[in-house]
Amino acid sequence: MSYDPRFAATIEGLLKGEVLCPVSANEAHDYLSTLEGQDRVRHYLAETGHGLEKTRDGSGYYCVYLDTESRGVRHRIRHQFESAVRDWEALLRWLRLSRQASPSSQPLKVKDVVRESEWLAAIENSSMMQEELEVIATRFQVQSNSRDAKVRLRRLLEKLCKLGYLVAIDSSGAIYQATGKWSLLQDQLEFVMAREGIVAEEREAALNEPQQEGLFLGTS
């Protein structure tokens, strides 16, 4: 079979732990939107002990482990789980902030556009939002010598790009688009809440429970 760059890029992204969506990886997402592409990718991944999954809203594809019982896989899952949980509080706070800062008053979802200027205007007009921005920066361990809201917001936007939740869509870095990784986060949170009966005020404590690590079957 001849070399197919779309197939190669799709496999590489999945095995790196990326969520392939129309924003972060449009060609790979289109490739996986066909039955032929899905079948070929699933067959290849199965040979490596992995499977293909899709977010509940259908916006993104990601890779999972098929065998979660082996010691090595369990160790990798635990490491991935612990790493993800460290960011959950900050991400949930950011989603809440997005409701207040966004003109639509809705939390971020895939393909949503984040304009730094619009968010900054909203944040600078609210002392509570400025305080929340500082809390989020602290939770994400985003260090800055400046207390200026613009500096903090830009650093956080850059952090979310690095984590794969946003993609810069202009050369100035002032306009971003949300990726399908928010959809996966929502699926993970709903899974935990449904399986463990977590209510909002108990969520932070419950996220530290080791038995919830089974939620994270993806590869990193």
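None of the values given here were measured: they were computed from a predicted structure.

Let us now look at the packing of aromatic side chains. Centre distance and the angle of the planes are the two values used to describe a pair of aromatic rings. For the structure on display, the rule yields four aromatic pairs. These aromatic residues form a ring-pair network of at least three members: Phe 7, Tyr 31 and Tyr 44. Just above the ring of Phe 7 sits the side chain of Arg 40; from NZ or CZ to the centre is 3.9 Å.

Moving on, we get to the confidence of the model for the protein. With 81% of its residues at a pLDDT of 70 or more, the protein has an overall mean of 83. A low-confidence stretch, residues 198-217 (pLDDT under 50), is modelled with 39 contacts involving residues beyond four sequence positions or located in other chains.

Attention shifts here to the nonpolar core. Counting residues in each nonpolar core, the largest one holds 32 residues, and the members touching the most others are Trp 94, Leu 108, Leu 166 and Trp 182. Of all the secondary-structure elements, those providing two or more residues to this core are α4 (71-101), α5 (116-124), α6 (127-139), α7 (149-163), β5 (175-178) and α8 (181-196). Of the residues forming this core, the biggest block, eight residues, is contributed by α4. With 13 residues, the next largest nonpolar core counts Ala 25, Ala 28, Tyr 31 and Leu 32 among its residues.

Right, let's get into α5. Among the residues of α5, Glu 116, Trp 119, Leu 120 and Ile 123 are the ones counted as buried. One side of α5 carries all its buried residues, which in axial view fall inside an arc of 100°.

All right, on to the pairing of strand β2 (residues 61-65) then. Taking burial as the measure, the five residues of β2 include five buried ones, the bulk of the element. What you see with β2 is no split at all: Tyr 61, Cys 63 and Tyr 65 on one side and Tyr 62 and Val 64 on the other are buried throughout. Where strand β1 (residues 50-54) meets β2, five bridges bridge the pair, whose relative direction is antiparallel. Its bridge partner lying in β2, Glu 53 is registered against Tyr 62. In textbook terms, the turn of a hairpin is the stretch between consecutive antiparallel strands, and for β1 and β2 this stretch comprises six residues, one of which, Gly 58, has a positive phi near 75°.

Strand pairs in the sheet, formed through backbone hydrogen bonds, run parallel or antiparallel to each other. Spatially, the three strands line up as an open sheet ordered β3-β5-β4, and their pairing is antiparallel. Looking along the sheet, the strands with just one partner apiece sit at the ends: β3 (113-115) and β4 (166-168). When the angles between neighbouring strand axes are averaged without regard to direction, this sheet yields 30°. One ladder, built from three bridges, connects β4 with β5; its direction is antiparallel. Bridge pairing in β5 links Ala 168 to Tyr 176. Against the sheet, α5 makes contact with β3 and β5, and its axis sits at roughly 60° relative to β3, the strand it touches most.

With that settled, the discussion passes to the environment of Glu 118. Within the secondary structure, Glu 118 is located in helix α5. The sequence separation of Glu 118 and Ile 175 amounts to 57 residues, and the corresponding C-alpha distance is 9.9 Å.

Here is what the cut-offs are and how they apply
- Residues numbered from 1 in each chain as written.
- Predicted model: local features only at pLDDT ≥ 70, side-chain atom pairs only at ≥ 80, totals over all residues.
- Heavy atoms only, no water.
- Phe/Tyr/Trp six-rings, centres within 6.5 Å; stacked < 30°, edge-to-face > 60°.
- Lys NZ or Arg CZ within 6 Å of the ring centre and 35° of its normal.
- pLDDT = per-residue confidence, 0-100.
- Contact = heavy atoms within 4.5 Å.
- Core = buried A, V, L, I, M, F, W, Y, C linked by side-chain atoms within 4.5 Å.
- Buried < 20%, exposed > 50% of the residue type's maximum accessible area, 1.4 Å probe, protein only.
- Helix = DSSP H or I, 4+ residues; strand = E, 2+ residues; numbered from the N terminus.
- Arc of directions from axis to C-beta.
- Pairing = 2+ DSSP bridges.
- Axes fitted to C-alpha atoms, helices over the stretch in contact; angles between N-to-C directions.

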